[in-house]
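# Descriptive analysis of the structure
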Amino acid sequence: MSEPTELVEDAAAIQSNAFVAVSYDDLIPNNVDLSSDKQLQRALEAWQPAYLDWWKDMGPDGFQNADVYLRTAVGVDPSGWAKFGHVKMPEYRWGILLAPKEEGRTIPCGRHKGEPAWQEVPGEYRSLLRRLIVVQGDTEPASVEQQRFLGATAPSLYDMRNLFQVNVEEGRHLWAMVYLLVKYFGRDGREEAQALLERRSGQQDNPRILGAFNERTPDWLSFFMFTYFTDRDGKMQLAALAQSGFDPLSRSCRFMLTEEAHHLFVGETGVGRTIEATCLAMKAAGITDPYARDAIRKLGVIDLPTLQKKANFHMSVTRDLFGSEISSNAASAFSTGLKGRFNETAINDDHQLEDATYAVLRVIDGKFVTEDVPALRAINSRLLDDYITDCQGGIDRWNKVIEKSGIAFQFKQPHKAFNRRIGEFAEAHVSPAGELLSADAWNAGKSDWLCSDDDHTFINSLMKPCTAPGQYASWIAPPRVGINNQPKDFEYVRIEHA
Ligand code: BYC
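This is a predicted model, so every value here is computed, not measured.

## So, the pairing of strand 4 (residues 367–374)
Bridging between strand 3 (residues 357–364) and strand 4 involves 8 bridges; their strand directions are antiparallel. Within strand 4, the residue paired with Ile-364 across the bridge is Lys-367. Between strand 3 and strand 4, which pair antiparallel in sequence order, lie 2 residues; one of them, Asp-365, sits at a positive phi of approximately 50°.

## Description of the site of the ligand
The environment of the ligand is formed by 29 residues, the closest being Gln-136, Ser-324, Ser-327, Lys-339 and Asn-380. Note that a nitrogen atom of the ligand is positioned 3.0 Å from one of the backbone N or O atoms of Asp-320. Within the side chain of Ser-324, an N or O atom sits 2.7 Å from an oxygen atom of the ligand. Isolated, the ligand exposes 1,000 Å² of accessible area, and the fraction of that covered by the protein chains is 80%. For the shell around the ligand, the element with the most residues is helix 3 (residues 126–146), which contributes 7 residues. Of the residues that constitute the shell around the ligand, the class distribution is 10 nonpolar, 12 polar and 7 charged.

## Quick word on the sheet that holds strand 7 (residues 493–494)
In spatial order, the strands read 2-1-7; together these 3 strands make up an open sheet with antiparallel pairing. Lying at the two open borders of the sheet, with one neighbouring strand each, are strand 2 (82–88) and strand 7. Pairing of strand 1 (residues 67–73) with strand 7 involves 2 bridges; the strand directions are antiparallel. By the bridge assignment, Val-68 is partnered in strand 7 with Val-493. Its contacts with the sheet place helix 4 (residues 157–184) against strand 1, strand 2 and strand 7, and it is angled at close to 40° to strand 1.

## Focus: unusual backbone geometry
Even without being a glycine, Asn-343 presents a positive backbone phi close to 55°. Its location among the elements puts Asn-343 in the loop between helix 10 (328–335) and strand 3. Of the residues examined, Asn-343 reaches a relative accessible area of 42% and is grouped as partly exposed. Residues other than glycine seldom take positive phi values, yet Asp-365 does so here, at roughly 50°. Tracing the backbone shows Asp-365 in the loop between strand 3 and strand 4. Asp-365 gets classed as exposed once you look at its relative accessible area, which sits at 77%.

## With respect to the nonpolar core
In terms of nonpolar packing, the biggest core is built from 113 residues, with Leu-44 and Phe-229 touching the most fellow members. In terms of residue count, helix 4 provides more of this core than any other element does, 17 residues in total. When residues no more than four places from it in sequence are discounted, the contact partners of Phe-229 are Ala-311, His-314, Met-315, Thr-318, Tyr-387, Cys-391, Ile-395 and Trp-398. Core analysis: the second largest hydrophobic core is formed by 13 residues, Ala-331, Leu-353, Val-360 and Ile-379 among them.

## A look at the packing of helix 3 against helix 4
Packing of helix 3 against helix 4 leaves a shortest axis separation of 8 Å and a crossing angle of 155°. When the interaxial angle is binned, helix 3 and helix 4 end up roughly antiparallel. The two elements helix 3 and helix 4 meet at a crossing, and its hand is left-handed. Listed contacts from helix 4 to Arg-126, Arg-130, Ile-133, Val-134, Gln-136, Gly-137, Glu-140, Pro-141, Ser-143 and Val-144 of helix 3 are Asn-167, Glu-170, Gly-171, His-173, Leu-174, Met-177, Leu-180, Leu-181 and Tyr-184. Partitioned by chemical class, the residues of the contact of helix 3 with helix 4 number 9 nonpolar, 6 polar and 4 charged.

Rules behind the numbers
Residues numbered from 1 in each chain as written. Predicted model: local features only at pLDDT ≥ 70, side-chain atom pairs only at ≥ 80, totals over all residues. Heavy atoms only, no water. Pairing = 2+ DSSP bridges. Helix = DSSP H or I, 4+ residues; strand = E, 2+ residues; numbered from the N terminus. Near = heavy atom within 4 Å. Polar contact = N/O pair within 3.5 Å; in protein donor to acceptor, adjacent residues only side chain to side chain. Areas by Shrake-Rupley, 256 points an atom, 1.4 Å probe, with all protein chains shown as cover. Nonpolar A, V, L, I, M, F, W, Y, C, P; charged D, E, K, R; others polar. Contact = heavy atoms within 4.5 Å. Axes fitted to C-alpha atoms, helices over the stretch in contact; angles between N-to-C directions. Buried < 20%, exposed > 50% of the residue type's maximum accessible area, 1.4 Å probe, protein only. Core = buried A, V, L, I, M, F, W, Y, C linked by side-chain atoms within 4.5 Å. Parallel < 35°, antiparallel > 145°, perpendicular 65-115°, else oblique. Left-handed = near helix turned anticlockwise from the far one by under 90°.

Structure below.
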């Protein structure tokens, strides 16, 4: 399967065709004419060694000397923006890349709608804007930290390379946010940039800001689920920030979306190939019952109900990343024009929403109720609904693979209120089917809906490295096409045997 065109088009559609050359002669590659702003250049060059120290401490464990077949952005033209080659990760050229400026761009939403987009920080919204950039920036290094031990158990060199590609690009996304903080927010921006290298995923004293980024990514199935479901929150949030009236943020996010498409591809195909391996093994063994768990597991593949449980976890913690369904913060971000909705400019309304309402599902007196809420306060709820719709495409494609194998099983998204910690449903106990339960009933059902310790022990038992070129672990099928059309036995990672 090649990269989903849906995603590539999303990214391409929000870019203009103008090609902006990237300077690779500078210490920090960029297309923002960094060398003309000496103070900014010095500040970023001072941050760079701290970034590299963070990368060496918290980036992929044990593979810093390996030669990895990586894509590096060399321009921002959607039709040819990257080059491929073997690179040691600490030598990756992390740079600052903004999508081309759209002349005459105006603020697309909120009370300043139609005014020229801001090229400088609007003073009255400074702290809200900084907070949005910091939260976005914080997720990027967090995901690298979460995934840092996965190289050791990669199911193939192809997958290992994809992991490292995702990791270096999350590093570049951190650079994108740090550029904005350091260029536009003076001393407090520099302090925030430093703090982004100091928080640590899962650390008690100084954790990452958002919940899902403090969860563990203990195995490759988690990695694929994360890149399908949680990177998709990245897609939605970046698309909303790409609508920002603050033009440098909009341009940064537009280019980040181009890279994000590959991360979603890694997730969708990773889960898809896992399903394919399971279906093939079941067929070869003559097993048609997807719930014949022990017999299926003996084949060295992951049974479909366990995959569903894993997906349930990642969907629910990722839904929390949208914040409270009803949120005054989100109303402010929209009405100030700092953050739009998904596909804001394509929506047919007044883009100000002063009088509009939006239907929000809530739990009131122990029952689900749909309430019309002022649309401004329901911005997070709407983005979450758009996200849930956006998740379905890949799930349908997974289900086709199962259907073609003649196995009676379908992946389903759990009810919106299932296993939530943030927002309307944080206090409720709700099954994947959407029944409101007592705490006891929830506890009794939990191991049917989320992976148990036993499930994790089984998944872990499969996580054995497979590092011969062209070979794949039993639980995952090979990809249809190599990266950049490389042959099946291509050595995507040349591991240094120290
Ligand atoms: N965990 O009104 P509320 C990505 C906090 S992923 C912990 O409910 P708001 C990527 C919230 O910060 C995309 N805390 O929500 C993917 C606030 O705290 P403060 C990342 C949470 O503010 C994979 C308080 O609760 N980008 O790029 O409307 C790999 C009340 O807030 C959580 C963005 O998210 C949580 N889940 O919305 C790599 C975009 N949820 O400020 C990368 C930027 C809420 O009172 N961020 N809180 O201390 C935003 O737009 C908003 O900050 C949020 C929250 C949507 C996250």
